[in-house]
Amino acid sequence: MDLSHSPEEEEFRARLRQWLGRVLPTLPPKPSPDDWPGRRAYDMGWQRMLYDAGYADVHWDASPTTRLIFLEETEKAGAPYVGAGFVGLLHAGPTIAAEGSDGQRARWLPPILRGEEVWCQGFSEPDAGSDLAALRTRARRDGDEYVVSGSKIWTSHAEVADWCELLVRTDPAAAKHRGITWLALPMDAPGITVRPLKTLAGSAEFAEVFLDEVRVPVGNRVGDENDGWRVTMVTLSFERGTAFVGEVVACRRVLRELAGEARKNGRWDEPELRRRLGRLNAEFRALWRLTQWNVSEAEASGGVPGVGGSVFKLRYSQARQELYDTAADVLGPDALDLDRPWVLDRLSSLSYTIAAGTSQIQQNIVAERILGLPKGR
């Protein structure tokens, strides 16, 4: 395993860092968190700037190491997060790049890269969250179309999305993990109803999506019919393996800021708090090294992250919660003030042991696929 960077990769880092220093001061103010049309416009405007500068394709046409450098440098510089482009750039796009046909890649990837189309994720259902393979949304083949009926929940960015990466059951008689198909659903198709859901933090980046006899062309299928579970594992490997990279860098920055705040308000004199901050520093340093290891493994396996992403996701989710619990201790009574830094982040951190596969699911994956333990009955 080689964690060092080549001269070409270091040249890419230096060039990117210089470009970020030049363009970030020119960005307009960020819109309100609950203004999703405004947030979409802002996020897609940033993506267009990346495209025009030649950095947009880093999420799937670059090597995993170059992608890691990009995420590290943009987070360090305080560049805008992918925001409404999250699913397209970090989930659907890499999946289509890895599993789609030449025509599908030509149709869907350029608009994502140019900041023209937003994707949402239609995986979870009211009765199929952690047990994703238990999904019930049905797709019946009718000539050159699938007729889809059912519902999805926690559908990221559905209210502003143009497309949805959708999992459907195409063979109800097949075993649970078989008979599933991965479709690209146009969100303006007749029969789709979107109902936004508000989170604990007051934002509405998720929605319920109801599908009533929605017609989807067979040509929108990525992979073979009934092979969607395998394609989904590719999607989830990107979600758990590299999609959180920028957040690890952000957590390390927050940790330094917390130490500075503790020195200012007197909490630094408490040995227990200093020990917690020190242990968290070690945690995130280790997570960063694990990220590099996962990326190195992806380099050797054709660019798709492996099951090591579940190890990362499992520990990162817990470490993030511990970080923002520590932030609440540093803030004291101010931890109840929603306008203070880190308070809303603490609320959102509560979801991380559930989002992108619960910690219990990650433990099963680690036990079965890495440690070789037998499956539970």
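These numbers were taken from a predicted model, which means no experiment stands behind them. (Residues numbered from 1 in each chain as written. Predicted model: local features only at pLDDT ≥ 70, side-chain atom pairs only at ≥ 80, totals over all residues. Heavy atoms only, no water.)

(A) Up close: the overall build of the protein. A tally of helices and strands in the protein yields eleven helices and eight strands. Of all 377 residues assigned to the protein, the portion counted as buried reaches 51%. Partitioning the contacts of the protein with sequence separation of at least 6, the portion at a separation of at least 24 is 73%. Carbon and sulfur atoms provide 51% of the accessible area of the protein, an area that totals close to 17500 Å². (Helix = DSSP H or I, 4+ residues; strand = E, 2+ residues; numbered from the N terminus. Buried < 20%, exposed > 50% of the residue type's maximum accessible area, 1.4 Å probe, protein only. Contact = heavy atoms within 4.5 Å. Areas by Shrake-Rupley, 256 points an atom, 1.4 Å probe, with all protein chains shown as cover.)

(B) Layout of helix α3 (residues 64-76). For α3, which comprises 13 residues, the first-to-last C-alpha distance of 18 Å matches the rise-based estimate of 18 Å (1.5 Å per residue) to within 8%. Of all 13 residues that make up α3, twelve are buried, and the element is covered over most of its length. Buried within α3 we find P64, T65, T66, R67, L68, I69, F70, L71, E72, E73, T74 and E75. Once α3 finishes, G78 follows within two positions and takes phi at roughly 80°, a positive value. (Expected span 1.5 Å × (residues − 1).)

(C) Up close: the packing of aromatic side chains. This model, assessed by the stated rule, comprises eight aromatic pairs. Ring geometry for W19 versus W46: centroids 5.7 Å apart, planes at 35°, classification tilted. A residue pair is termed long-range when its members are at least 10 positions apart, and W19 in helix α1 (residues 7-23) and W46 in helix α2 (residues 36-53) qualify at 27 residues. Given the relative accessible area of 9%, W19 is considered buried. Ring geometry for W154 against F206: centres 5.9 Å apart, planes inclined by 90°, an arrangement best described as edge-to-face. Of this pair, W154 sits in the loop between β3 (145-152) and β4 (163-169) while F206 sits in strand β7 (residues 206-217), placing them 52 residues apart in sequence. In this structure W154 comes out as partly exposed when scored by relative accessible area, which is 48%. Since its relative accessible area comes to 24%, F206 is described here as partly exposed. An aromatic cluster is present here, built from F12, W19, W46 and Y55 joined pairwise through their rings. For the cation-ring pair, R39 lies above W36, with the distance from its terminal atom to the ring centre recorded as 3.9 Å. Residue placement shows R141 over the ring face of Y146; its charged tip is 5.6 Å from the ring centre. (Phe/Tyr/Trp six-rings, centres within 6.5 Å; stacked < 30°, edge-to-face > 60°. Lys NZ or Arg CZ within 6 Å of the ring centre and 35° of its normal.)

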